[in-house]
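Inside the fold
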Amino acid sequence: MTYRKSLLCAAVLCALSAPAAVFSQTAASAVADIDTTEAPRITQAVDARQRVAIAGSHIPLVDAVAATSVATDDLPMNHLQLVLKRSAKREAALKKVIAEQNDPSSARFGRWLTPEAFGKSFGVTDADLATAVSYLTAQGFTVNGVYPSRMQIDFSGSAGQVRNAFGVQEKYYAVDAKQHLANAGDVTIPKALSDVVAGVAGLTDLRPQAQHTPFVHAARDPSGTGFIRKPATGTSADVAAAKASPQLFPFNDTIRLLTPYDMSVMYGTAPLIASGITGKGITVAVVEDADMPKADWDNFVKTFDLAKYGGTYALVNPPAAGLSSTNCIDPNVSAGIEEESGETLLDAEWVTAMAPGATLKVATCDDSGTNNFFGGVYTAANNLINGADRPDIISASYGFDELDVDVATKIALDGMWQQAAAEGISVFVSTGDSGVNTGYNGSAFITLGISANALATSPYVTAVGGTDTADVLDKTTATYFAAKPNSVLGSALSYVPEIPWNESCGNGVAAKANGYASAVKFCQAQYAKLGRFNTPFTAEGSSGAPALYNEKPAWQAKVHGASKDGARDIPDVALFAGSYGNVTYAVTCDSSALCAPGLPNGADGSGGTSLASPMFAAIQALVNQSTGRRKQGVAATTLYALAANEYGTADGAAPATLAACDADKGATGTAGCVFHNITRGGISTNCSTGADNCYAYTGPYGLTSITTKKYKEAYPAQPGWSFAAGLGSVNAANLAKAWKAYNKQH
């Protein structure tokens, strides 16, 4: 059957084309000199019999695992998205605009777009939208609306309609002992739509996973100077009997909880906060798929004396602009109870810990497959970016590796972050918690090859990796931490040397601290002693890898140490995430440890790059306030420019500051550094020798390596940029000063 564009104006398109003042004059003038006029690109009648396949539009998993059952035709498929693609002309113009918006020397610097202005200039034309909507309607789908970006059409239907319209059967697959839905092959579409349609997103319910470490419960030790792991029974006798352990493996019951005071000293936010730069006037949103009680945040703020800075908290379920029915369901409503998500509270509490005066927006949407196959994290972020009440900064602490992503989902993710950039929103995403492949958080070893976090590889994202404080393995804790905590339970004395976070036997710093010549020798010895199901046999550690889909942006290629692989590489920066031996965590407050001043009831601790991302987002809030500009756009572009000043360029001679700002120097001689350059350690973790990039050290087990023939660590830290730690961590006070000067000099 042949379908032609309806001459009637569907409600969703009339709303988009109405000339009402839906975008500001400032937003319109920001692109007034950019010619994006174009004729419709769908020039032929849409004949459903003439079809083309979209390569890569199914997840690779379905090729390797047999389906357990077939979805029935009446299975609801709600809030799918027809993902669109703009013309080459408009894509080139958009890239130019975003580059100039982030360039202080450009007249377009800081002139951000609204979602409506973005869609008008860089989305798909009204005529092409109408044709796409007509096709969906003719196939029996309910079209819920078109996002203001004009790059996504939201629609609902059934599995049978999906098969008829897109030529794919929905099936169930067993993944980690759970049943998951996915399309069994590549999507096909009418050939006439192929210039405009990139694919269909939402056909699978495999979703991004939280990137945090397991929570640990801690009690005050009898001396009151620190914490110990809370015994199973929690009796006073158990607590009194707990003994301190040596600093090195296996650490036993000793635990260290880093508090907001500690992080403020380590990362240089303390001077900013003392001077009134608290994040006031800046809105930071954390995007989540589950809720948390506000009482947890209240207790955290009270316990660590943060209320005086005036930060605020709001939990929101952002509605979808342009849709007739919401795709964001309150997770509490779906669950039927008040949820307490560890990921959500970790993100929320640590934004306020680092930027105590900021406006915190906890944006949550439910993951329920009956309402939205995407998952709540994407929905929350997309709705915020397309909405009227947009934040200045977004942090997302979730991920899945690129080997598990279909092409439409990747295009939708990258397009969402690109739109955020044009609107001036700075986006921070955690790189992941399992070394060179993000998909193995919490696993003993990696079974696939190198693969970066699909949420973090967009060039419009600042990807945040994880570090570990080196003092425990170096036996220098007394140099960097006071013997007793202060009134807000902090004890850090200065910046603390850092290494990449790596909890496995692939941690070369831990290997040497325990008397082994190499990580390989360390792993062999520990395997013989413990077997593969015990510490340190884990894939847990900061993630870093080259992108599979995204090219290296010019700004990343210019810094010392940048890989010449041509790919977008992550991380960009790194902050504390965890520790070898699980001795150090970031403190959190929840219902299992009712925080109060002095923590008489103990507290919980967690970490992961899920911690690092919201902390850096909060540091960005301080930078934004210090510059007087609420929005700063793509933070990475300025970070790399500042790093090139300190580390040198990719091909030029290294300046003295490259060595002077080495993280191993601690506080000695680094007072003026913007970055702490992490040059020791790496992120190689345990893997199965059947996997790509796995060097066998004993039988079927190995360490992630560039080559399987000999051990070439994937990846080591090095001077300048590295896969292990990006540009390193920062001194926030120096960063704010340098950022402000950079904006003025250009």
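Note that the structure is a prediction, hence the values are computed from the model and not measured. (Residues numbered from 1 in each chain as written. Predicted model: local features only at pLDDT ≥ 70, side-chain atom pairs only at ≥ 80, totals over all residues. Heavy atoms only, no water.)

With that out of the way, let us pick up the sheet that holds strand 4 (residues 69–70). The strand order across the open sheet built from 3 strands is 4-8-9, with neighbouring strands paired in antiparallel fashion. Each end of this open sheet is capped by a strand with a single partner; those strands are strand 4 and strand 9 (178–183). (Pairing = 2+ DSSP bridges. Helix = DSSP H or I, 4+ residues; strand = E, 2+ residues; numbered from the N terminus.)

Moving on: the state of the cysteines. Between two cysteines, a covalent bond joining their sulfur atoms is known as a disulfide. Counted by the stated rule, this structure contains 5 disulfides. One disulfide in the model links C328 with C365; its S-S distance is 2.0 Å. Judged by the sign of its S-S torsion, about -100 degrees, the bond between C328 and C365 is left-handed. Pair noted here: C328 is in the loop between strand 17 (312–316) and helix 12 (331–335) and C365 is in the loop between strand 18 (359–364) and helix 14 (376–386), with a separation of 37 residues, a long-range link. Like C328, the residue C365 is buried in the burial classification. Covalently, C687 is tied to C694 through a disulfide, its sulfur atoms 2.0 Å apart. Around the S-S axis, the bridge from C687 to C694 shows a dihedral of about 90 degrees and counts as right-handed. Per residue, the accessibility class of C687 equals that of C694, and both read buried. (Disulfide = S-S within 2.5 Å. Buried < 20%, exposed > 50% of the residue type's maximum accessible area, 1.4 Å probe, protein only.)

A few words on the side chain of Q632. Along the polypeptide, Q632 turns up in the loop between helix 21 (609–627) and helix 22 (635–647). For Q632, a relative accessible area of 5% gives the class buried. Polar side-chain contacts of Q632 include one of 2.8 Å to the side chain of T627. There is a polar contact of 3.0 Å between the side chain of Q632 and the side chain of W739. (Polar contact = N/O pair within 3.5 Å; in protein donor to acceptor, adjacent residues only side chain to side chain.)

Bringing the sheet that holds strand 30 (residues 686–688) into the picture now. Strand order in the open sheet formed by 3 strands is 30-32-31, and the pairing between neighbours is antiparallel. The open sheet is flanked by strand 30 and strand 31 (694–698), the only strands paired with a single partner. With strand direction ignored, the average angle separating the axes of adjacent strands in the sheet is 50 degrees. Where strand 30 lies against strand 32 (residues 701–704), 3 bridges are found, and the strand directions are antiparallel. Bridge assignment links N686 to a residue of strand 32, and that residue is L703. Across the sheet, helix 19 (residues 519–530) is in contact with strand 31 and strand 32; its angle to strand 31 comes to roughly 50 degrees. (Axes fitted to C-alpha atoms, helices over the stretch in contact; angles between N-to-C directions. Contact = heavy atoms within 4.5 Å.)

Before going further, it helps to spend a moment on helix 4 (residues 88–101). Taking 1.5 Å per residue, 14 residues should reach 20 Å; helix 4 reaches 20 Å between its end C-alpha atoms and fits that length. For helix 4, the full list of buried residues reads R90, A93, L94, V97, I98, E100 and Q101. For helix 4, the buried positions fall inside an angular range of 165 degrees around the axis, keeping them on one side. Where the residues of helix 4 are buried, they touch helix 5 (115–122) and helix 15 (407–422). (Expected span 1.5 Å × (residues − 1). Arc of directions from axis to C-beta.)

The next point concerns helix 19. Taking 1.5 Å as the rise per residue, helix 19 with 12 residues should run 16 Å; its terminal C-alpha atoms sit 16 Å apart, in good agreement. Within the sequence span of helix 19, burial applies to A519, V520, F522, C523 and Q526. The arc that holds the buried residues of helix 19, viewed along the axis, is 155 degrees, so those residues lie on one side. Across from the buried face of helix 19, at angles greater than 90 degrees, the exposed residues are A528 and K529. At its buried positions, helix 19 is contacted by helix 18 (508–513), strand 31 and strand 32.

Before going further, it helps to examine unusual backbone geometry. With glycine set apart, most residues show a phi of negative sign, and most peptide bonds adopt trans. In this chain, I570 is followed by P571 through a cis amide linkage whose omega measures 15 degrees. Tracing the backbone through its elements, the reader meets P571 in the loop between strand 25 (567–570) and strand 26 (573–576). Y715 follows A714 through a cis peptide bond whose omega is 5 degrees. By secondary structure assignment, the location of Y715 is in the loop between strand 32 and strand 33 (729–730). Here H79, not a glycine, exhibits a phi torsion of approximately 55 degrees, which is positive. Mapped onto the secondary structure, H79 falls in strand 5 (residues 76–84). A positive phi angle is found at N693, which is not glycine, with a value near 60 degrees.

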